[in-house]
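Now for the letters of each chain:
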Amino acid sequence: MTARRAFLGIDCGTQSTKALLADADTGETLSLGQAAHEIVERPDGTREQDPAWWIAAAIVAVTAALARASGALVAGIAVSGQQHGLVCLDETDRPLRRAKLWNDTTTAAECVELERRVGGRERALALTGNVFLSGYTAPKILWLARREPDMYAAARRFCLPHEYLDLWLTGQFAAEPGDASGTAYFDVRARRYSDAVLAAIDGDRVWEAALPPLVRSLAVIGTLREEAAGALGLEAGIPVSAGGGDNMCTAIAVGVTSEGPAAMSLGTSGTAFAFSATAAVDPEGEAAAFCDSTGAWLPLACTLNCTSATEWICSVLGFDHARFEAALDATPPGADDLAFLPYLDGERTPNVPGAAGLFAGLRIDHRPDHLVRAVAEGVTFGLAYAMAALGRAGVRPSSVAVTGGGSRSEAWTQLCADALAMPVTRVEVEEAAAAGAALQARWAIDGRRPDPPRVQRVFEPRTDERLVAAATRVSILRELARSGKV
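For the structure given in this document, a descriptive report is provided here.

Rules used throughout
Residues numbered from 1 in each chain as written. Predicted model: local features only at pLDDT ≥ 70, side-chain atom pairs only at ≥ 80, totals over all residues. Heavy atoms only, no water. Pairing = 2+ DSSP bridges. Helix = DSSP H or I, 4+ residues; strand = E, 2+ residues; numbered from the N terminus. Axes fitted to C-alpha atoms, helices over the stretch in contact; angles between N-to-C directions. Contact = heavy atoms within 4.5 Å. Parallel < 35°, antiparallel > 145°, perpendicular 65-115°, else oblique. Nonpolar A, V, L, I, M, F, W, Y, C, P; charged D, E, K, R; others polar. Buried < 20%, exposed > 50% of the residue type's maximum accessible area, 1.4 Å probe, protein only.

Attention now goes to the sheet that holds strand β18 (residues 297-303). Strands belonging to one sheet form pairs held by backbone hydrogen bonds; the direction of such a pair is parallel or antiparallel. The strand order across the open sheet formed by seven strands is β17-β18-β16-β15-β21-β22-β23, and the pairing between neighbours is mixed. Lying at the two open borders of the sheet, with one neighbouring strand each, are β17 (288-291) and β23 (455-459). On average, each strand axis in the sheet is inclined to that of its neighbour by 30 degrees, with strand direction left out of account. Both strand β21 (residues 400-403) and strand β22 (residues 424-427) contribute to a ladder of three bridges, which runs parallel. By the bridge assignment, Val-400 is partnered in β22 with Val-424. Packing against the sheet, helix α14 (residues 368-392) makes contact with β15 (262-266), β16 (270-273), β18 and β21, and its axis sits at approximately 150 degrees to β18. Lying over the sheet, helix α15 (residues 410-420) contacts β15, β21, β22 and β23, oriented at roughly 145 degrees with respect to β22.

Structure, rendered in C-alpha cells:
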C-alpha cells in the first residue's frame, strides 16, 4: 500500500501551537494536533513567552497529528508564527530571555523615540511603509537596548517566532518578506531591511550579522535536521519552506492570494486584510503595509482585542460558547443603549496602547445578556474601523470572508455582516494559519497553488438603526480614548 503524501503546517500562536497535516493531492486536512502555551502577563503591558515553550508544544502537537494520520508520508513542512515577537539569541543561538510578543504594549516610549530619530511619522512611512507601533519588533529591540542593556549587549542575533522555529527545524537562519514586513525595520516597497531604521535603533551594531538573511517566501530554506526529526517522530531530510507570519499563512488558507474578497480573522486579535499586487500604504499608518508570504502584498489592520474580549466577558459571567451564542442572538442590536470599548489590552487600531476597556450607559435594568451583546458589538465595530483603514490603502472589497474561532458563532458572523454593511462568507477552513502553512509548503515544494476554499454560508447584511446608533456610541468612546480622556 502506497503511503499517503502530506504536508505539515505548524502554527505557533499566542495561546497554543497547532500542527496540521494536509493531503498533498487535495489540500484537505487529514489530522490536527494541538498543545497549549503559557504566557507571562503583567499589569504594565508585558506579554512574554519562553521560546522553549514553543518547541515543546510543537513536539506535542506534531506527534499528535502524526498519530491521527497513521501512514502519512510528510513531504514538506512550513511554519506559521505569531507576528512581531522578539527572540534574542546568544552566540550559540540559544534564547537569552523570554520573547516579547505582538500584544506586549510596554514599548510606547520607544515608538515615540524611534519616530523622533528617523525624522517623524511621514519619514517612517516613506522608509518602510509603516509607522512605529508598540506591537512591532523595532521598538522591542530599542526597549531591550534601553531597559536591559546587558542583555542587549549579550544578544548576537534577533529573529521572529516563526524564524526561530525554522532555525530549530533546519539549522538555517532565514527570513521571508511577509513576516519580516511586520518588524517596522523592513521596507515593504523594496523588500529589504531599512538601513535608516536599523541605524536609528543602533548605529554601531552590524545588522547584517544580527538579522536573518532574506529569502523568497516560496523558497525551500533547508531540510529537517536529525535532532529535530527525532524529537518530532519524522525522518530527517524533509524539505522546509520559508513559512510566514500567521496572518500571511491565514491569507493563503482563505484564498487571499489574488484579487477578490477581503478577509477577516476573529481570533485572539482581530485582523482585516486583502491581497494587493502592489505595495499598499495607508497614509495615516493605521493599516499595516505588509508583504504577503507568496510574493505579493497584504495590507492589514489589526485590533488587539477580539476573542480575547468575548472570552473575558464569558469568563466573568460563567458563560460557555453555547450560552454566549444564545445571549448574542436573543439581545436586540444596540444592547439597550449599552456600549463597550474593548481595549482590555490597549489597542493598535487606533494606536492607543495605554487605553483600557470601558462600559458606558450601564443601568440597573441591564442583564448579563446585554453585557455579552455590548462586548461583541464593541469588538465588531473595532473591526469595521480597521476595515475602513484598509480603504485608505486602496482596498475596496465587495464581500469579506471570515475565519478564526469567533466565526463559528452564527450570531457573531451575522453581526459582522450587519456592522460592515456587506456580505460576509464563512469558508470551510480548519485552523487557517496551520492549514495555510501546509499549503505554502505544498506550493513551494510541489509548485501547486491552493484552490479557493469552499464557501460554507453567506451572511447578507441587515440594516437596523439601533445598530447604527450603537456604532456611533462606540465611535465617540474611541475618540475619547484617542484623546486620552477615558
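On to the packing of helix α11 (residues 246-253) against helix α16 (residues 432-446). Two elements in contact, α11 and α16, have axes whose closest approach is 7 Å; the angle formed by their N-to-C orientations is 75 degrees. It follows that α11 is roughly perpendicular to α16 by the angle criterion. The residues of α16 that touch α11, namely those facing Asp-246, Cys-249, Thr-250, Ile-252 and Ala-253, are Ala-432, Ala-433, Ala-435, Gly-436, Ala-437, Leu-439 and Gln-440. Class assignment for the residues of the contact of α11 with α16 results in eight nonpolar, three polar and one charged.

Contact geometry for helix α12 (residues 307-317) and α14: axes closest at 9 Å, N-to-C directions at 170 degrees. As judged from the angle between their axes, α12 and α14 are roughly antiparallel. Counting all contacts with α12, which are made through Ala-309, Thr-310, Trp-312, Ile-313 and Leu-317, the residues of α14 involved are Pro-368, Leu-371, Val-372, Val-375 and Val-379. Grouping the amino acids of the contact of α12 with α14 by side-chain chemistry returns nine nonpolar, one polar and no charged.

Turning next to helix α6 (residues 161-170). When you tally the buried positions in α6, you get ten out of ten residues, the bulk of the element. Residues Pro-161, His-162, Glu-163, Tyr-164, Leu-165, Asp-166, Leu-167, Trp-168, Leu-169 and Thr-170 constitute the buried set of α6.

Moving on, we get to the sheet that holds strand β8 (residues 99-100). The antiparallel open sheet is built from three strands, whose spatial order is β4-β5-β8. The strands lining the two open edges of the sheet, one partner per strand, are β4 (40-41) and β8. Of the pairings in the sheet, the one linking strand β5 (residues 47-49) to β8 comprises two bridges and is antiparallel in character. Note that in β8 the partner of Gln-49 across the bridge is Ala-99. Strands in contact with helix α1 (residues 51-68) are β4, β5 and β8; relative to β5, the strand with the most contacts, it is inclined by about 55 degrees.

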